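In case you want the letters, here they are:
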Amino acid sequence: MVSLIYTAIISDLHLTDSEPPKHKTKSRHPLWKKFKKKEFYIDESLVQFLIFLQQEANGHHIELILNGDIFDFDSVMSLPEKAIYKINWLETRRGLFPQLEKSLFKIRTVLEEHSHFIVALRDFINNGNKVVIIPGNHDVELHFPEVQNEIRNILTLSEVNQNNLVFTSWFYISNKDTLIEHGHQQDPYCICENPLNPFLLNYNELSVRLPFGNVACRYMMNGLGLFNPHVEKNYIMSISGYIKFFFSYLITTQPLIMWTWLWGSIATLGHVITDRFAVPYKGNANQEERVNHAAAQSQATPAMVRQLEELFVIPATSNPLLIAKELWLDRLFLILFGFIIIYFIVSTLKSYLDISLFWIFLPLALFIPFFLFYARSVTSLVSEYKEPSESLLTRQAEITKVKRIVYGHTHVSRHEYYGFVEHLNCGTWSPAFTDVDCLNTIEKNTYVWITPDENHANVRKAELLQFITKK
């Protein structure tokens, strides 16, 4: 009898803690991080979804792929009441660093807050179904084996079903016909540089190297509570858009937002530079053992792991100037440099010609058009990454011998063909509101459903669907 394999893929749930956090920090405004309020938790939708899948499978077992950014470690702002480790000033305002003990606290916090979903997931696995968790860029801390064990312990699975919960390095091959990965390995701002061993050793403290985009999320977006990090149009605007937003919301809520941006940008740059000089953690396993382990967990071969690694994009952190441009620090340095040069010239002329220092405003006025021209010529590349190219998909398909590839990461659901490769993006379930009042949202709760063909049991078809929660 042919075993029928049903596969469901969801990504970008962004499960995190609620706002205000448990350490009782007062929110500054009713709209401050409103998207993190418990009223927008998706636990009930996820519980209904798991029941729905089992009904749709008609008694057959299901392979549920949680394709990255399931847990949002970057947005966790809770702090332990009696910490046995040091928590510095920056962590109290932007969240705990990605160090082992702190990552364990964060996953416990998230699992506790979303216990309704966790109980349903436990029942789902104990019913004989399989769950595969693929780390994304917002849950890089899942690479800690101890964090994975914490999830296993909280799920309290029966002994016979322990192997039905699998953690992978960055991809998974389902039924030899579908490659699934989050997609951040092709985004220069969100890439995990070495998913087989992303650990750093700093003064005997084990930590994870975060992608640049996630460092910026922590130090900048966590301090900009009226901007929703799940929707680009919430924080990437035109100059007129920022001005309108400032006078509509920020002037009463966060009038010193420029100061928040400045020190957040400098902290981001400092963290990224520090990580570049940090010592990679070698551990007990060698590279060959890591490759073999990743292959076994992903249902791939060691050769596939190595060849897929070669397709990783070059990280943006390898180009400090590019990082400075994305943080707008290049424009700040240009203004300061221009002002210092102009002040030096006018001061020198004053000593010879006895002119007023107010003459400094004339060259400054002449400098403004050149500055505006430069500022407008600099374009952000963060929002340019949308989907993988046809050549990349083709190469991945050739390496893994599949004809279907599923991504997440962009929060944009899609289903299309690139040559012979079927490409799908399972979208998002996150609180992706397009307005500060959290009244309007993008299309969400989409998933990929791969089922056996009615006429050919060995052939599967994929659909991009939307789950509607029952009230």
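These remarks concern the structure in this document. (Residues numbered from 1 in each chain as written. Predicted model: local features only at pLDDT ≥ 70, side-chain atom pairs only at ≥ 80, totals over all residues. Heavy atoms only, no water.)

1. A word on the pattern of salt bridges
- Evaluated as defined, the whole model comprises 13 salt bridges.
- The partner of Asp-177 in a salt bridge is Arg-460, with the nearest N and O atoms 2.9 Å apart. In this pair, Asp-177 is assigned in the loop between strand E5 (171-174) and strand E6 (178-181) and Arg-460 in strand E14 (residues 460-466), connecting sequence segments 283 residues apart. Side by side, Asp-177 and Arg-460 carry an identical accessibility label, which is buried.
- Glu-398 is the partner of Arg-395 in a salt bridge, and the nearest nitrogen-oxygen pair spans 3.6 Å. Within this pair, Arg-395 and its partner Glu-398 are both found in helix H14 (residues 390-400), separated by 3 residues, close to a single helical turn.
- Put simply, Asp-74, Lys-106, Glu-141 and Arg-218 are held in one network by salt bridges that share partners. (Salt bridge = Lys/Arg side-chain N within 4 Å of Asp/Glu carboxyl O. Helix = DSSP H or I, 4+ residues; strand = E, 2+ residues; numbered from the N terminus. Buried < 20%, exposed > 50% of the residue type's maximum accessible area, 1.4 Å probe, protein only.)

2. With respect to the packing of aromatic side chains
- Applying the stated criterion across every chain, the model contains 12 aromatic pairs.
- When the centroid spacing of 5.4 Å and the interplanar angle of 70° are considered together, the rings of Phe-49 and Phe-467 count as edge-to-face. Linking Phe-49 in helix H1 (residues 43-56) with Phe-467 in the segment after E14, this pair joins segments that are 418 residues apart in sequence. This pair shows no difference in class: Phe-49 is buried, exactly as Phe-467 is.
- Here the aromatic rings of Tyr-189 and Phe-212 are separated by 5.9 Å at their centres, their planes lie at 55°, and the arrangement is tilted. One end of the pair, Tyr-189, is in the loop between E6 and strand E7 (199-202); the other, Phe-212, is in helix H6 (residues 212-219), and 23 residues separate them in sequence.
- Given a relative accessible area of 3%, Tyr-189 falls into the buried group.
- A relative accessible area of 6% means that Phe-212 is categorised as buried.
- Three or more aromatic residues joined by ring pairs form one cluster here, namely Phe-49, Phe-52, Trp-429, Tyr-447 and Phe-467.
- The residue whose ring lies beneath Lys-444 is Phe-433, and the NZ or CZ to ring-centre distance is 5.9 Å. (Phe/Tyr/Trp six-rings, centres within 6.5 Å; stacked < 30°, edge-to-face > 60°. Lys NZ or Arg CZ within 6 Å of the ring centre and 35° of its normal.)

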